[in-house]
Amino acid sequence: MVITKSKLVLGATVVALSTIAATGLGIHSIGKASFKDSHKDLIDEVWQIIYYRYVDGTFNQVDWQAVRKEYLSKTYADDKEAYKSVREMLKKLEDPYTRFMDPEEFKNMQVDTSGELTGIGITISQDEKTKQLVVIAPIEDTPAFKAGILAKDVILEIDGKSTKQMDTNDAVSLIRGESGTRVKLTILRNGQKKQFNIQRARIEIHPVRFSEKKTPSGNIGYIRLNQFSANASKEMKDAIKNLEGKQVSGYILDLRGNPGGLLYASVEIAQMWMNTGTIVSTIDRKGMQDQQVANGSALTNKPLVVLVDKGSASASEILSGALQDNKRAILVGNQTFGKGLVQSVQPLKSGSGLAVTIAKYHTPSGKDINKHGIDPDVKVKLTDAQRQELWLRGRDKLATMEDPEFAKAVQLLGKQAAGNTNTTKNN
């Protein structure tokens, strides 16, 4: 399987709950003329894509031929009925990451290079076992982030409507809305219900922020990567070059709360830190592997510590796993989210779209991190209350020596600079 810039994403149901400008994935809607001839065209088009591309050749033990016969035998009065049947058909796979998007939803999920969106700024997924809607992470400095939404929060209600049996498409439709309007979320966190009344807003996202930090271990380059959007690679390259010009002694790469994004962006960014080694292996339904490797284009070989937490998902896990397995970096923080699947986003003739799981990925050492995540080399325990205090009310302390995870990273960089590479785990 060849990784291209136009098709592959990590966790396609990870949606920004927003109205997004359309073209960043290189996907173009096709006119509706042929769709009007027969709603069954859409049913069969979706069925065919699953039949030829889905990651599991057994279709999760579903008789996919029988499914085709069942849904093509029906009649469809309008678009709404056809869309409903497509979603019913896909639900049989019990894969929350394979999903159908009607034309409006498809347009709204496409990401362009400007990184602008309208919404509350969270990424969500559906737990494969419980079927609950779970927050992967709030996007930094967005309304959801400022309101106090945290990774792993379970969304119980949206504007008073229960999310039980609700899929991500329905949730997106309810949470998304015009800038300035509000949405009320009922969240379950550590067994307790919490209410959040969040005002939607127009959001401009710059995926990379960086600065030179003066620390007890010397001048260190600090780079915060919020998401793997289409412009993340360019901004990361600019950040590293700028900090190299300042002669920093080492780097801290902060992936905390980064929900992932485009697969190719994670590969390109890994190549900026690694000269040699495997970055990621993707495995398709036939068991065929495609490896992405470093290409000798690293921008620095200075010591690196990566900060991760339970909000670090998908592309963040590819990057951190590559750096960890190749011993290019020390991972500090907490266990990551655990999303090890790759989706391809397919435009359909109706102007709608389909995100289909086509592969799983392993870290360079062969680890399948799906549902488990990546364990850091050095664990720094923080309660949800401590984390919320730091990220919301104590933002002036973030990435300072009063930030426990950052402080541990600084300490480790100091040891590396002194020639001491003893990084035994701390609790």
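Everything quoted here is computed from the prediction, not taken from an experiment.

S.K.: Describe the overall build of the protein, with residues and values.
M.R.: Summing up its helical and strand segments, the protein has 12 helices and 21 strands in all. A burial count over the protein gives 57% of its 427 residues as buried. Looking at the protein alone, contacts between residues at least 24 apart form 72% of all its contacts between residues at least 6 apart. Counting every atom, the protein has about 17700 Å² of accessible surface; 47% of that belongs to carbon and sulfur.

S.K.: Pulling in residues and values, what's your account of the pattern of salt bridges?
M.R.: Under the defined criterion, the tally for this structure stands at 15 salt bridges. Close ionic contact of Arg387 with Asp309 constitutes a salt bridge, the shortest N to O distance being 3.5 Å. Of the two residues, Arg387 sits in helix α11 (residues 384-393) while Asp309 sits in the loop between β17 (304-308) and α10 (315-325), which places them 78 residues apart along the sequence. The same class applies to Arg387 as to Asp309, namely buried.

S.K.: Break down the packing of helix α8 (residues 232-245) against helix α9 (residues 263-273) for me, with residues and values.
M.R.: Two elements in contact, α8 and α9, have axes whose closest approach is 9 Å; the angle formed by their N-to-C orientations is 15°. When the interaxial angle is binned, α8 and α9 end up roughly parallel. When you trace α8 past α9, the crossing you get is right-handed. Contacts from Ala232, Ser233, Met236, Lys237 and Ile240 in α8 reach Ala265, Glu268, Ile269, Met272 and Trp273 in α9. Considering only residue class, the contact of α8 with α9 consists of 7 nonpolar, 1 polar and 2 charged.

S.K.: Got a sec to walk through the pairing of strand β18 (residues 330-333)? Specific residues and values, please.
M.R.: Neither face of β18 is exposed, since Ile330 and Val332 on one face and Leu331 and Gly333 on the opposite face are all buried. In this structure, β17 lies alongside β18, joined through 4 bridges in parallel fashion. For Val305, the partnering residue across the bridge sits in β18 and is Ile330. One crossover worth recording links β17 to the parallel β18 by way of α10, and it is right-handed.

S.K.: Go over unusual backbone geometry with me, naming the residues and quoting the values.
M.R.: Phi is positive for Gln61, close to 65°, though the residue is something other than glycine. Assignment of secondary structure puts Gln61 in the loop between α2 (39-53) and α3 (64-72). A positive phi angle, close to 80°, is found at Lys152, a residue other than glycine. Looking at Lys152, the relative accessible area reads 35%, which means it is partly exposed.

S.K.: I'd like to hear about the layout of surface pockets, residue by residue, with values.
M.R.: By volume, the largest pocket is sized at about 320 Å³. As for the largest pocket, its lining consists of 15 residues, and the residues nearest its centre are Lys91, Asp95, Pro96, Gln126 and Asp167. If you list the elements that add at least two residues to the lining of the largest pocket, you get α4 (79-91), β3 (99-101) and α7 (168-175). Sorting elements by how many residues they give to the lining of the largest pocket places α4 first, with 3 residues.

S.K.: Mind laying out the nonpolar core, listing which residues take part and the relevant values?
M.R.: Counting residues in each nonpolar core, the largest one holds 67 residues, and the members touching the most others are Ile223, Met236, Leu253 and Trp273. If you tally residues by element for this core, the top one is α9, at 8 residues. Setting aside residues up to four positions removed in sequence, Ile223 forms contacts with Val208, Arg209, Phe210, Met236, Ala239, Ile240, Leu243, Tyr251, Ile252, Leu253, Asp254 and Trp273. The next biggest cluster of nonpolar side chains, apart from the first, holds 17 residues, and it includes Ile120, Ile122, Val135 and Ile187.

S.K.: Tell me about the packing of α3 against α4, and please be specific about residues and values.
M.R.: In the contact formed by α3 and α4, the axes pass within 11 Å of each other and the chain directions differ by 165°. Overall, the two elements α3 and α4 adopt an arrangement that is roughly antiparallel. The element α3 and its partner α4 pack so that their crossing is right-handed. Note on element contacts: α4 touches α3 through Ser85, Glu88 and Met89, opposite Trp64, Val67 and Tyr71. Residues belonging to the contact of α3 with α4 are distributed by class as follows: 4 nonpolar, 1 polar and 1 charged.

S.K.: Go over the packing of aromatic side chains with me, naming the residues and quoting the values.
M.R.: As enumerated under the stated definition, the model contains 8 aromatic pairs in all. Relative to Phe59, the ring of Tyr51 has its centre 6.1 Å away and its plane inclined at 15°; by these criteria the two rings are stacked. Given a relative accessible area of 7%, Phe59 falls into the buried group. An angle of 40° between the planes, with centres 5.3 Å apart, marks the rings of Tyr83 and Phe100 as tilted. Placement of Tyr83 in helix α4 and of Phe100 in strand β3 is noted, with a sequence separation of 17 residues between them.

S.K.: Could you give an account of the sheet that holds β17, naming the residues involved and the relevant values?
M.R.: In a beta sheet, neighbouring strands are held together by backbone hydrogen bonds and run either parallel or antiparallel to one another. In spatial order, the strands read β12-β13-β14-β17-β18-β21; together these 6 strands make up an open sheet with mixed pairing. With partners counted over all chains shown, the strands left at the sheet margins are β12 (208-215) and β21 (378-379), one partner each. Two strands pair when backbone bridges link them, and β18 and β21 are joined in this way by 2 bridges, in the parallel orientation. What sits directly across from Gly333, in β21, is Lys379.

Parameters at a glance
- Positions within a chain are numbered from 1, following the residues in the order the chain's sequence is written.
- Reporting in this predicted model follows two pLDDT cut-offs: at least 70 for local features of residues, and 80 or more for side-chain atom pairs to be given and counted; totals over whole chains, interfaces and linings ignore these cut-offs and use all residues.
- Derived side-chain values reflect all non-hydrogen atoms in the structure, with water molecules and hydrogen atoms excluded from consideration.
- By definition, any uninterrupted DSSP run of H or I lasting at least four residues is a helix, any uninterrupted run of E lasting at least two residues is a strand, and each is numbered from the N terminus.
- Exposure categories follow from relative accessible area, calculated using a 1.4 Å probe and restricted to protein chains: below 20% of the type maximum is buried, above 50% is exposed, and the middle band is partly exposed.
- Working rule for contacts: check all heavy atoms of both residues, and any pair within 4.5 Å makes them a contact.
- The Shrake-Rupley method, run with a 1.4 Å probe sphere, supplies the accessible areas, and residue values consider only the shown protein chains as cover.
- Within this document, salt bridges are pairs made up of a side-chain nitrogen of Lys or Arg and a carboxyl oxygen of Asp or Glu, the two lying within 4 Å of each other.
- Think of each axis as a best-fit line through the C-alpha atoms, taken over the contacting stretch in the case of a helix, with angles from 0 to 180 degrees between the N-to-C directions.
- Angle categories are assigned with fixed cut-offs, so that under 35 degrees is roughly parallel, over 145 is roughly antiparallel, 65 to 115 is roughly perpendicular, and the rest are oblique.
- Each crossing gets its hand from how the near helix is turned against the far one by less than a right angle, where anticlockwise is left-handed and clockwise is right-handed.
- Amino acids outside the nonpolar list (Ala, Val, Leu, Ile, Met, Phe, Trp, Tyr, Cys, Pro) and the charged list (Asp, Glu, Lys, Arg) are all regarded as polar, and Gly is one of them.
- By definition, two strands form a pair when at least two bridges between them are found by DSSP.
- By definition, the crossover connecting two strands over a helix is right-handed if that path, from the first strand to the second, turns clockwise as seen with the strands pointing away from the viewer.
- Put plainly, a pocket is an open set of points on a 1 Å grid over the protein atoms alone with protein on both sides within 12 Å along at least five of seven lines, a cavity is a set where a 1.4 Å probe fits but cannot get out, and a lining residue has an atom within 4 Å of a point.
- Grid points are joined across faces, edges and corners, and a volume is the space filled by probe spheres set on the points.
- Think of a nonpolar core as a cluster: buried Ala, Val, Leu, Ile, Met, Phe, Trp, Tyr and Cys residues, connected wherever their side-chain atoms sit within 4.5 Å.
- By convention, a stacked pair of Phe, Tyr or Trp rings (six-membered ring in the case of Trp) has centres within 6.5 Å and planes under 30 degrees apart, an edge-to-face pair has planes over 60 apart, and any other such pair is tilted.

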